[in-house]
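Residue strings, one per chain:
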Amino acid sequence: MSSTREILETLRRDFGGDIIEPGAAEYESASRSVLATGSPACVLRPKSVGDVRASVRFAAGTGLALSVRGGGHAFAGFGTNDGGVVIDLSLLANVEIIDKEHHLVRIGGGATWGQVAAALAPHGLAISSGDTKSVGVGGLTLSGGIGWKVRKYGLALDNVVAAEVVTAGGEVVRASAEENPELFWAIRGGGGNVGIVTAFEFAAHPTTDVFYGKIVFPASEAATVLQGWADHLRTAPEELTSIVSFANPMAGGPEAPIEIQVAFDGDDPELAAAAIDPIRRLGTVIGDDVALKPYADTLVDGMVPPPGIRLVTRSAFVDQESVPAVLRILAEVGASQGSPFIAVRSVGGAVSRVPDDATAYAHRRAELMVVTTTLGPQPVVEAAAPALAAIWERLAPHVNGAYANFLASATEEDVAAIYPAQTYERLAAVKRQYDPGNLFAGNHNVRPR
């Protein structure tokens, strides 16, 4: 069998992108993702779909581990590895309106949501996405996409109408409701399991400025505010999406204020007030900066942790009947020393109107999503692990599933939580068709059936 060096020399002849190896000036930055460090044998930065095909064939020929990187924000560190191949899609970042009448937008698989929002803003268009500028379109969309328009327009993946996919065999196929429909089903929720998406076609929507900001309450009012917030979101107009966060260790831990972020998708001040004012009446408001601003300005810069700092996230979904119990537990946990940072996101709305089996994202009935985050140097994170496990044991009877984009691990238990048995089996069948050798294993991996 040819050596990796010989295969790499062959690749150079028909690869138009960058090949970055150890010792190169760019290697240190190219070998890292946002939340993980690595030492890959090489980083390939394709400039075209042809380059991606060549990259995939190269990786398959070497037999080395393969990581595919979009924005590089995966908490589990999927964007890099040690000793393997990294395909960095960052140069495939074009954003183009391909049908003005139907607001169809073609986006390169390496684009970030900040690039997309900036490109669409002059046209008065937006796509329901995440909430962070530097997060990649590919990674977020392939596993979900819960952001500031989720209750009105659904997940990012609910707005995908087609995709260009490079398979494990190095072939380029189009996936849509009409072409390769099982592949189209799988890329909407199946993560990076079935191929590399080099371009997405999204249905964007006309957007106005939005009312966005933060309403703040004292930590002592957590129990009342949390329950009232959830009750209101159940009947609030779908233009309102919200996140409540508390126990922030950077702002006092158990004494940190309760922060409710709101986004009202519209520029009518009376409608916005009718949707948001019930939240203001939940307790003692000690801060309120809600204001009309461009949708693109609701996306924030992603946090890049300092060297040596680890972020451990864990997530689960909450159905309506379990909401009171979960919020009661979280209020107690947040008031205790050593609590993780806790965030609860409203879902429902447009997400819940999609049939359970329409996409590989399976958690359509959830009303809320809970996320805990622990951060610090490795010894601190390890020391906090038993207490964190105990919190999740308390929550376990009342929560279900997991959101792949907010998981710092990729155990078999994680994969089972992301994909219920029926979804997993169907994904495994698609995987066998498009990636029978499991080349794309650097993810929450579904093995070929």
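The name that an unreviewed UniProt entry assigns to the chain is FAD-binding oxidoreductase, with the source organism given as Nonomuraea helvata. For the record of the chain, the UniProt heading Cofactor (unreviewed entry) holds the text "FAD". A UniProt comment under Sequence similarities (unreviewed entry) is attached to the chain, and it reads "Belongs to the oxygen-dependent FAD-linked oxidoreductase family."

Trainee: An account of the sheet that holds strand β3 (residues 66–69) is requested, with residue identities and associated values reported.
Mentor: Taken in spatial order, the 4 strands of this open sheet run β1-β2-β4-β3, and their pairing is mixed. Either end of the sheet is taken by a strand with one partner, and the two such strands are β1 (18–20) and β3. Going across the sheet, the axis of each strand differs from the next one's by a mean of 20°, ignoring polarity. Here β3 runs beside strand β4 (residues 85–88); their pairing, made up of 4 bridges, is parallel. Bridge assignment links Val68 to a residue of β4, and that residue is Ile87.

Trainee: Describe the side chain of Glu367, listing the residues and the values that go with them.
Mentor: Mapping Glu367 onto the fold places it in the loop between β18 (341–346) and β19 (368–377). Here Arg234 takes part through its side chain, which lies 2.7 Å from a polar atom of the side chain of Glu367. Beyond its immediate stretch of four places on either side in the chain, Glu367 contacts Ala230, Arg234, Val318, Asp319, Gln320, Val323, Arg345, Ser346, Val347 and Gly348.

Trainee: How would you explain the UniProt feature "domain: FAD-binding PCMH-type" (unreviewed entry) in the chain if you had to name every residue and give the values?
Mentor: Within the UniProt annotation, "domain: FAD-binding PCMH-type" (unreviewed entry) is assigned to residues 36–207. Helix makes up 23% of residues 36–207 and strand 27%, with an end-to-end C-alpha separation of 35 Å.

Trainee: Describe the sheet that holds strand β5 (residues 95–99), listing the residues and the values that go with them.
Mentor: Across the sheet, 5 strands lie side by side as β5-β6-β10-β8-β9; this open sheet has antiparallel pairing. In this open sheet, the two edge strands, each paired with only one partner strand, are β5 and β9 (172–176). With direction set aside, neighbouring strand axes in the sheet form an average angle of 20°. Where strand β8 (residues 160–166) and β9 come together, 5 bridges link them in antiparallel fashion.

Trainee: Could you give an account of the nonpolar core, with specific residues and numbers?
Mentor: Trp113, Leu183 and Ile187 are the most contacted members of the largest nonpolar core, which has 66 residues in total. The residues contacting Leu183, other than those within four sequence positions of it, are Val165, Val173, Ala175, Val194, Val430 and Tyr434. One finds Val244, Phe246, Phe264 and Val370 within the second-largest nonpolar core, a separate group that totals 42 residues.

Trainee: Tell me what's going on with helix α1 (residues 4–13), and back it up with residues and numbers.
Mentor: Residues of α1 that are buried: Ile7, Leu8 and Leu11. Viewed end-on, α1 has its buried residues packed into an arc of 100°, placing them on one side of the element. In this fold, the buried residues of α1 make contact with β1, β2 (42–45) and α3 (49–62).

Trainee: Give me α3: which residues, what numbers.
Mentor: Compared with the 20 Å implied by 1.5 Å per residue over 14 residues, the 20 Å span of α3 between its first and last C-alpha is a close match. Regarding α3, the residues found buried are Asp51, Val52, Ala54, Ser55, Val56, Phe58, Ala59 and Thr62. Of the surrounding secondary structure, the elements contacted by the buried residues of α3 are α1, β2, β3, β4, β8 and β10 (196–203). Gly63 lies just past α3 and shows a positive phi near 75°.

Trainee: Talk me through the packing of helix α10 (residues 323–334) against helix α11 (residues 378–395); I want residue IDs and the actual numbers.
Mentor: Look at α10 against α11: their axes get within 10 Å of each other, and the N-to-C directions meet at 160°. Our classification of the angle between α10 and α11 gives roughly antiparallel. In this structure, the crossing between α10 and α11 has a hand that is right-handed. Between α10, through Val326, Ile329, Leu330, Glu332 and Val333, and α11, the contact on the second element is made entirely by Ile391, Arg394 and Leu395. By residue class, the composition of the contact of α10 with α11 is 6 nonpolar, no polar and 2 charged.

Trainee: Tell me about the packing of aromatic side chains, residues and numbers included.
Mentor: The full count for this structure, using the stated rule, is 7 aromatic pairs. Centroid distance Phe200 to Phe202: 5.7 Å. Interplanar angle 35°. Geometry classified as tilted. The two residues Phe200 and Phe202 agree in class, both being buried. Seen in terms of ring centroids, Phe317 and Tyr403 are 6.4 Å apart; in terms of plane orientation they differ by 75°. Their pairing is edge-to-face. Pair noted here: Phe317 is in strand β17 (residues 309–318) and Tyr403 is in the loop between α11 and α12 (412–418), with a separation of 86 residues, a long-range link. Residue Phe317 is classed as buried on the basis of its relative accessible area of 0%. Through successive ring pairs, a cluster of aromatic residues spans Phe75, Phe317, Tyr361, Tyr403 and Phe406. Between the NZ or CZ atom of Lys149 and the centre of the ring of Tyr295, over which it lies, the distance is 4.9 Å. When the ring centre of Trp185 is taken as origin, the NZ or CZ atom of Arg426, which lies over that ring, is 4.0 Å away.

Parameters and conventions
Residues numbered from 1 in each chain as written. Predicted model: local features only at pLDDT ≥ 70, side-chain atom pairs only at ≥ 80, totals over all residues. Heavy atoms only, no water. UniProt positions renumbered as here; feature names shortened; annotations may be inferred. Pairing = 2+ DSSP bridges. Helix = DSSP H or I, 4+ residues; strand = E, 2+ residues; numbered from the N terminus. Axes fitted to C-alpha atoms, helices over the stretch in contact; angles between N-to-C directions. Polar contact = N/O pair within 3.5 Å; in protein donor to acceptor, adjacent residues only side chain to side chain. Contact = heavy atoms within 4.5 Å. Core = buried A, V, L, I, M, F, W, Y, C linked by side-chain atoms within 4.5 Å. Buried < 20%, exposed > 50% of the residue type's maximum accessible area, 1.4 Å probe, protein only. Arc of directions from axis to C-beta. Expected span 1.5 Å × (residues − 1). Parallel < 35°, antiparallel > 145°, perpendicular 65-115°, else oblique. Left-handed = near helix turned anticlockwise from the far one by under 90°. Nonpolar A, V, L, I, M, F, W, Y, C, P; charged D, E, K, R; others polar. Phe/Tyr/Trp six-rings, centres within 6.5 Å; stacked < 30°, edge-to-face > 60°. Lys NZ or Arg CZ within 6 Å of the ring centre and 35° of its normal.

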